Amino acid sequence: MSTTDKAKNTVLEVEDLRVYYETPKGDVRAVDGIDFTLYEGEILGLVGESGCGKSTAAMGILQLIVPPGRIVSGEIRLDGVNILDLDEEGLRKLRWSKLALIPQGAMNSLNPTMRISQQIEDVIRQHEDRQKRKSKQAVKKRILELLQWVGLPERIYDMYPHELSGGMKQRACIAMAIALDPSVIIADESTSALDVVVQRVVAQTMLKVKQATGVSMIMIGHDMGLMAQMVDRIVVMYAGNIVEISTVEHMFRNPGHPYAQLLIESVPSLKERKPLKITEGITHDPRNPPPGCIFQLRCPFVMERCRTHKPVRQEIRPGQEVACHLYEKQEDGRYIDVRDVATNS
Amino acid sequence: MGKIPLSYLLRRLTITFLTIWFAATLIFIIPRLAPGDPISAMVGDMQNAGSDTENSEAIIQGWRERFGLDEALPVQYIRYLGNLATFDFGYSINAFPTPVMAIILRALPWTLGLLVVAMVLTFLIGNFLGAIMVWSRTPRLIKAIIPLGMVFTSIPSILAALFLLYIFAFVLGWFPDSDAYAVGEITPGLNLEFIGSVLYHGTLPALAIILVSFGYWALGMRGMMITVEGEDYMQLAQAKGLRPFYVLYRYMIRNAILPQITAFAITLGTLVSGQVLVEYVFQYPGMGRVIYENILAQDFPVIQGAAFFLIMLTALAVLFVDLIYPYIDPRISVGSIE
Amino acid sequence: MATVPQIAPNPVPPAPEPVEAVQPKKMGRFNVWDTPWFNTRLLVGVGIITVILFMGVIGPIFWDTDLASERNLEARRLPPVGFTSIRGVEGTWDHPLGTNNFGHDMLAIALVGAPNTFILGFVAASIGMLVGIILGFTSGFMGGLVDDIIRLAADITLTIPALMVLIVLNSVFDRIDLLTMAVIISAFAWPRPTRQIRAQVLSMRESGYVRMARLSGASNIDIMFKEMLPNLIPYLFASFISGATGAILAAVGLETLGLGPQGAITLGGTIYDAYTNLALSGNLWWWWGVPTILLSIMFVGLLLINLGLDEIANPRLRRGKK
């Protein structure tokens, strides 16, 4: 599915988002100026190694950043409205009804002293219109419906979180997330804590939900294999910056950014033996990113230019945007990989 | 909410039973460790202390029969346990033939009343203060009370009682210095005057207990609130866009208070002991005064009966809290699916 | 999946010097005063207790402690220096803290009573700790029925209000001396340390370094003494102080009821004397006031030590200081 084909609706736009963490020795730049767009009905994958800032970015969008972290700048437009400008009450109303979260550790994300039904009910009740109060039966019916949707048996309704298995808890969270029919759901490593079998069930549930309701999702994770099966486009982050945004096909067939290439290489394949690639170079101090390209210290293809000029993200072909100096725009508008030129000459 | 699993219930009941039985046994053994016949010794001591025991022979005989002191120790023990089961603690030596239980029953309501009121207020005030400590909008003045409360917790309630008694009753005269109500002036009954008098007289004793206990709860609750604040479900609660007060109550307080309740059960023993001493200082007509007066009078059956009764009361109170707990914390009551 | 074209890596130009690097704050010289052992509460608490102990040790050298028990009919009911009693009598430096109904000097009483109180508390706590260590380790290591029995015993002992049993005991046996009383009180001081140590043993048993020790063939005793005990030290200290506080509390309770140790002057016993001699209404406030205030200071000091030790044992509490 090429993104340039149809004039798709933009559901979420993130522009120059920066989230810094204050430490005694300076600000850690967890998210250092990221821009991306989420289109209606798509699943956007957000990948990167631990500490790259993907979770922080999600928390930033959800505005769940707590001190010592803070949102330094940026705009987050949900259905056209910059949510960073909203006041407390406005944000509260928007939460869950437009923007929901499927959390990372469902193990601890559910209130241990509330039944599953109550946890879904309270969010329904607290977001409903005072005038249009639903009856008790209507709410109960809706909750049972949601549970059925995610494949949970009816008896879960009255149960407490500790009575459920990990996969069930995760699916309960999914049910809760779709309760108010939000425009965007952010799934933060929702399957990372589960074993493979359960992972599959949960992943399928999420796909089913998306297909049926047309909700747009941002899936955060680091399991490339899982990503491949679930998402439409992938955003690759490194040290607080986005280095590539591509469709799934491009990402796995011909990843553009060197870092993305390394990620793809790291996915074990049943078909061929691959030596473990150990990246050379060192990582930089997150408080003090180097001028120029963020990946320069670890990039096997680093050039002079990378040390001084920060690469801009360019669409090197339809469905693939890369921020890397390896790709130069020609006069006719197409892009070439400078390595090809080097090899050829 | 939840139900009590049978195994839990049985375990708690067994422990309570064992505790009471152990206490009873201790109280049986101790007087018999002293040389000589316990009763004669008691009577002898009393006579030394100057009490009037004209019918000492009758007393000794009455006891002997009642408690089978002529019989072998194991038999005595069985009879003793049997008597305890029917709350028969024997007779007061001083006030023979008044049964010890009668003396206890007269004093018990006052002790229970003061205990429950002080307990409930301490728990509520302490935990409430601890909870609002975490809220940013709590005024600084109130936040300063907690450290002060913490310092107070180190002071035993008797000392606080002495201070309060001296300052507020003797020096300032704002509050009465003894008794549970204006004895002789007001007739007990369900009227406003009586109730007012009771509250008035009970203020200082209750205060003595509350002042030295609330800090502990406040600190504990504050700690728990901080812990809960860092939990994942709090983050989700915020993401859900729920109203702040609702989150404070249903997600934070409701979860933070659970360990406090468990901790509370453990402090019950200290609470009871402390209260006995406070009652003594204030000459409050509860078990405290009974014990004190009978220590002076060397009236052992009453001392032992009262002591045992209080131990039994404590054990039962702990059992009560244990039985309530599963209803509040569903994790205890029901098992899990997997 | 296509493979990435083999690259001939360019000679990598050296990484530039960080131009506007943020100057990291200078590492202060390793400050010995920074160790957690020197936190305010601990220091103040230890300070208070030391002062009192010091008084008790040095005091008798400078002040005649016999004055505590000698009846001095001339110098009765004297208020402390700087105060005037209801009867219009002024305090003198002969008796800086005043005298009671019988002419006993309050300062002497304080100098004798305070150490007695401490001795009682520390002895009881020490015995309790010893028993606690033994039972705690046994319970933690052996598990099973032994563990169950010990735990049950501890639970029962904890539930029973100590004062009640002690009252019964001390009323029957009225000639108990200080040390005997300490031993008796220790019977109620062992459950908390036992529980604490058991909990620590259980959590440490499964920890890495213990496993390593076991794998390298160390015996249980070795593990106990060389691996676990050293790590338990902050907890043991805290437990000891708690135990001492509890023991002193129990003792004071008994003493104020008149059931204290015979022959020894105690602060609680002084309060009993004052109370029964109607010092409250008779406005001899210093009679019960001196021991009460002194005891309060002691308890506050012990609490501070406890809180200070808590901070050491539990680093999480160190942040979020007021």
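Keep in mind that this is a model prediction, so the values were computed, not measured.

Draft legend 1. Local environment of the overall build of chain C. Along the backbone of chain C there are 10 helices and zero strands. The helix and strand sequence of chain C, counted from the amino end, reads α-α-α-α-α-α-α-α-α-α. Looking at chain C alone, contacts between residues at least 24 apart form 73% of all its contacts between residues at least 6 apart.

Draft legend 2. Summary view of the overall build of chain B. Along its length, chain B carries 13 helices and zero strands. Its helices and strands taken in sequence order, chain B reads α-α-α-α-α-α-α-α-α-α-α-α-α from the N to the C terminus. Counting over 338 residues, chain B shows a buried share of 43%. In chain B, the proportion of contacts linking residues at least 24 apart, taken out of those at least 6 apart, comes to 72%.

Draft legend 3. Expanded view of unusual backbone geometry. Residues and elements named next belong to chain A. Residue P68 follows P67 across a cis peptide bond; omega there is 15 degrees. Along the chain, P68 falls in the loop between α1 (54–62) and β4 (69–78). You will see that A239, though not glycine, has its phi angle at about 45 degrees, which is positive. Judged by C-beta crowding, with 24 C-beta atoms within 10 Å, A239 ranks as buried.

Draft legend 4. How the structure looks around the nonpolar core. Counting 272 residues, the largest nonpolar core has A175(A), V236(A) and I185(C) as the members making the most contacts within it. Top element by residues in this core is helix α10 (residues 285–313) of chain C. It accounts for 17 residues. Counting contributing residues per domain, this core is built from domain 1 (1–94 + 297–338) and domain 2 (113–289) of chain B, each supplying no fewer than three. Beyond its immediate sequence surroundings of up to four residues, A175(A) is in contact with I120(A), L146(A), L147(A), W149(A), V150(A) and L152(A).

Draft legend 5. Summary view of the environment of F54(C). Relative to the helices and strands, F54(C) is located in helix α1 (residues 40–62). Residue F54(C) is classed as exposed on the basis of its C-beta count, with 10 C-beta atoms lying within 10 Å.

Draft legend 6. Representation of the interface of chain B and chain C. Tallying the contact residues gives 39 residues for chain B and 35 residues for chain C. Of all the elements in the fold, those that place two or more residues in the side of chain B that touches chain C are α1 (6–33), α6 (140–154), α7 (157–171), α10 (244–281), α11 (287–296) and α12 (300–328) of chain B. For the side of chain B that touches chain C, a count of residues per class yields 33 nonpolar, six polar and no charged.

Draft legend 7. Main features of the domain arrangement of chain B. Residues and elements named next belong to chain B. Along its sequence, chain B is organised into domain 1 (1–94 + 297–338) and domain 2 (113–289). Facing the 10 residues of domain 1 at the interface are nine residues of domain 2. Of the residues assigned to the side of domain 1 that touches domain 2, the class counts are seven nonpolar, one polar and two charged.

Draft legend 8. Layout of the sheet that holds strand β11 (residues 314–317) of chain A. All names here are of chain A. The mixed open sheet is built from eight strands, whose spatial order is β6-β7-β8-β3-β9-β10-β12-β11. Strands with a single pairing partner mark the edges of an open sheet, and in this sheet they are β6 (99–102) and β11. Averaged over all adjacent pairs, the angle separating strand axes in this sheet is 25 degrees, with direction ignored. The pairing of β11 with strand β12 (residues 320–322) spans three bridges and is classified as antiparallel. Bridged to R317 within β12 is Q320.

Draft legend 9. Structural detail: helix α8 (residues 192–229) of chain B. Relative to the 56 Å expected for 38 residues at 1.5 Å per residue, α8(B) spans just 45 Å between its end C-alpha atoms, considerably shorter than the ideal helical length. Remark: the principal bend of α8(B), roughly 40 degrees, maps to T203(B), with a proline, P205(B), within the next four residues.

Draft legend 10. Focus on the packing of α6(B) against α8(B). Residues and elements named next belong to chain B. The contact between α6 and α8 brings their axes to 7 Å, and the two run at 120 degrees. Relative to α8, the element α6 lies oblique. When the axes of α6 and α8 are compared, the crossing they make is left-handed. Contacts between α6 and α8 involve I146, G149, M150, F152 and T153 from the former and L211, V212, S213, F214, G215, Y216, A218 and L219 from the latter.

Draft legend 11. Here's a closer look at the pairing of strand β7 (residues 184–188) of chain A. All names here are of chain A. Of all five residues making up β7, five are buried, and the element is well covered by its neighbours. With burial as the criterion, each face of β7 is covered, one bearing V184, I186 and D188 and the other bearing I185 and A187. Of the pairings in the sheet, the one linking β6 to β7 comprises four bridges and is parallel in character. If you follow A100 over to β7, its bridge partner there is I185.

Draft legend 12. Local environment of the environment of R214(C). For R214(C), the location among the structural elements is in helix α7 (residues 208–215). Sequence separation between R214(C) and I265(C) is 51 residues, and the spatial gap between their C-alpha atoms is 52 Å.

Draft legend 13. Spatial organisation of the sheet that holds β4(A). Residue and element names in this part refer to chain A. With antiparallel pairing, four strands are arranged side by side in an open sheet as β2-β1-β4-β5. Each edge of the open sheet carries a strand with a single partner, namely β2 (26–39) and β5 (81–82). Judged from the 11 bridges that link them, strand β1 (residues 10–23) and β2 form a sheet pairing that is antiparallel. Bridge pairing links E22 to D27 in β2.

Draft legend 14. Examining the packing of α11(B) against α12(B) more closely. Residue and element names in this part refer to chain B. Interhelical geometry of α11 versus α12 gives an angle of 150 degrees and a closest axis separation of 9 Å. Relative to α12, the element α11 lies roughly antiparallel. Every pair of crossing elements has a handedness; the one defined by α11 and α12 is left-handed. Note on element contacts: α12 touches α11 through V302, I303, A306 and L310, opposite M287, V290, I291, N294 and I295.

Draft legend 15. Fine view of helix α7 (residues 196–213) of chain A. The terminal C-alpha atoms of α7(A) lie 26 Å apart, and with 18 residues this matches the ideal 26 Å at 1.5 Å per residue to within 8%. Downstream of α7(A) by a residue or two, G214(A) has a phi angle that is positive, lying close to 70 degrees.

Draft legend 16. Summary view of the confidence of the model for chain C. All names here are of chain C. Across chain C, the average pLDDT comes to 78, with 83% of residues at or above 70. Taken together, the stretch residues 1–32 has pLDDT below 50 and engages in 25 contacts with residues farther than four places along the chain or on a different chain. Here residues 317–322 is a poorly scored stretch, pLDDT under 50, and it has four contacts once near neighbours within four places are set aside; other chains count. Across the interfaces of the predicted complex, the ipTM metric reaches 0.85, alongside a pTM of 0.79.

Draft legend 17. Here's a closer look at the confidence of the model for chain B. For chain B, per-residue confidence averages 84 on the pLDDT scale, and 87% of positions sit at 70 or higher. Confidence scores differ between elements of chain B, with helix α2 (residues 38–48) of chain B showing the lowest mean pLDDT of 63 and helix α9 (residues 232–239) of chain B the highest of 92.

Conventions and cut-offs
- Within each chain, residue numbers correspond to sequence positions counted from 1 in written order.
- To read the labels, note that chains go from A and ligands from 1, taken in the order they are written.
- Since the coordinates come from a predicted model, pLDDT governs what is reported: local features require at least 70, and pairs of side-chain atoms require 80 or more to be given and counted, while whole-chain, interface and lining totals use all residues.
- By the criteria applied, helices consist of DSSP H or I runs no shorter than four residues and strands consist of E runs no shorter than two, each listed in order from the N terminus.
- Working definition of a contact: two residues with C-beta atoms, positioned from the backbone, lying within 7 Å.
- Field definition: a residue is buried when 20 or more other C-beta atoms are found within 10 Å of its C-beta, exposed when 12 or fewer are, and partly exposed for counts in between, with C-beta atoms placed from the backbone.
- As used throughout, a nonpolar core is a set of buried Ala, Val, Leu, Ile, Met, Phe, Trp, Tyr and Cys residues joined through C-beta atoms within 7 Å of each other.
- Just so you know, the domain bounds were taken from an automatic or database domain assignment.
- Following the grouping adopted for this structure description, the nonpolar residues are Ala, Val, Leu, Ile, Met, Phe, Trp, Tyr, Cys and Pro, the charged ones are Asp, Glu, Lys and Arg, and the polar ones are all others, Gly among them.
- If DSSP finds at least two bridges between two strands, the strands pair.
- The axes are straight lines fitted to the C-alpha atoms, using for helices just the contacting stretch, and the angles between their N-to-C directions are given from 0 to 180°.
- By this rule, a helix spans an expected 1.5 Å times one less than how many residues it contains.
- Bend is computed residue by residue as the angle between axes fitted to the seven residues ending at the residue and the seven residues starting at it.
- Here the word oblique covers every angle except those under 35 degrees (roughly parallel), over 145 (roughly antiparallel) and from 65 to 115 (roughly perpendicular).
- Two helices cross in a left-handed way if the nearer one is turned anticlockwise from the farther one by less than a right angle. They cross in a right-handed way if the turn is clockwise.
- Confidence scores labelled pLDDT are given residue by residue by the predictor and lie between 0 and 100.

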